[in-house]
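What follows is the residue order along each chain.
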Amino acid sequence: MKLINTPYKIRCEMGACKNLADKTIVMDRVSIKNHIHVCGNCLHTLYSLIGEEIIPKPVETLKMSKKRGVKNEA
C-alpha cells in the first residue's frame, strides 16, 4: 500500500465529500479499483480515527517495567 500525490483533478471518494483529492491511496493486488482518491480534510479525519484505535506503547514505560521485573501484558 502506498500514499502518493494525486496526479489528476478528481473528487474525493470518501462518502459525500465534494472536495478535490490531494492524495491517492494505491493498494497492491486488488482488482480493477485499486486507487482511493482522498482530500486532505478526509485524510486528516481518517488519521485521527485510526490513531484512536491503534495507540503505540511508550518506549520508556516498557523499559522501566522490565527493570522492575513486572510483566507487561498486551
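Quick note: structure is the one above.
Residues numbered from 1 in each chain as written. Predicted model: local features only at pLDDT ≥ 70, side-chain atom pairs only at ≥ 80, totals over all residues. Heavy atoms only, no water.

Trainee: Please clarify how the overall build of the chain should be interpreted in this entry.
Mentor: Of the regular secondary structure elements, the chain holds 2 helices and 3 strands. When the elements of the chain are put in sequence order from the N terminus, they spell out β-β-β-α-α. Taken over 74 residues, the chain has a buried fraction of 16%. In the chain, of all internal contacts separated by at least 6 residues, the share reaching a separation of at least 24 is 24%. When the accessible surface of the chain is totalled, it reaches about 6600 Å², and 59% of it is carbon and sulfur. (Helix = DSSP H or I, 4+ residues; strand = E, 2+ residues; numbered from the N terminus. Buried < 20%, exposed > 50% of the residue type's maximum accessible area, 1.4 Å probe, protein only. Contact = heavy atoms within 4.5 Å. Areas by Shrake-Rupley, 256 points an atom, 1.4 Å probe, with all protein chains shown as cover.)

Trainee: Mind showing me how you'd approach the nonpolar core here?
Mentor: In summary, soluble globular proteins display a tendency toward joint burial of nonpolar side chains. Judged by nonpolar contacts, C12, C17, I25, V38, C39 and C42 together constitute the single largest core of 6 residues. If near-sequence neighbours (up to four positions away) are discounted, C42 is found in contact with C12, M14 and C17. (Core = buried A, V, L, I, M, F, W, Y, C linked by side-chain atoms within 4.5 Å.)

Trainee: I tried to follow the sheet that holds strand 3 (residues 35-38) on my own but got confused; where do I start?
Mentor: In any sheet, the strands associate via hydrogen bonds between backbone groups, in a parallel or an antiparallel arrangement. Here we have 3 strands laid out as an open sheet, ordered 1-2-3, and antiparallel in their pairing. With one partner strand each, in any of the chains shown, strand 1 (2-5) and strand 3 form the two edges of the open sheet. Across this sheet, the average inter-strand angle for adjacent strands is 25 degrees, counted without regard to direction. Pairing geometry for strand 2 (residues 23-26) and strand 3, over 4 bridges, is antiparallel. The residue bridging K23 from the neighbouring strand is V38, located in strand 3. (Pairing = 2+ DSSP bridges. Axes fitted to C-alpha atoms, helices over the stretch in contact; angles between N-to-C directions.)

Trainee: Would you mind showing me how to read the side chain of T6 here?
Mentor: Looking at the secondary structure, you find T6 in the loop between strand 1 and strand 2. Judged by its relative accessible area of 15%, T6 is buried. Within the local environment of T6, its side chain forms a polar contact with the backbone oxygen of K23, the two atoms lying 3.0 Å apart. Those residues in contact with T6, other than ones at most four positions away along the chain, are A21, D22, K23, T24 and H37. (Polar contact = N/O pair within 3.5 Å; in protein donor to acceptor, adjacent residues only side chain to side chain.)

Trainee: What's the story with the environment of N34 in this structure? I'm lost.
Mentor: Assignment of secondary structure puts N34 in the loop between strand 2 and strand 3. A sequence separation of 10 residues divides N34 from T24, and the C-alpha atoms of the two residues are 9.9 Å apart. In this view, N34 contacts I25, V26 and M27; residues no more than four positions away in its chain are not counted. Of the polar contacts made by the side chain of N34, one reaches the side chain of H35; its length is 2.6 Å.

Trainee: In this structure, what is going on with the pairing of strand 2? I would like to understand it.
Mentor: Where a strand is regular, its side chains alternate between the two sheet faces. Relative to strand 2, strand 1 runs antiparallel, the two sharing 4 bridges. Directly across from K2, in strand 2, lies its bridge partner V26.

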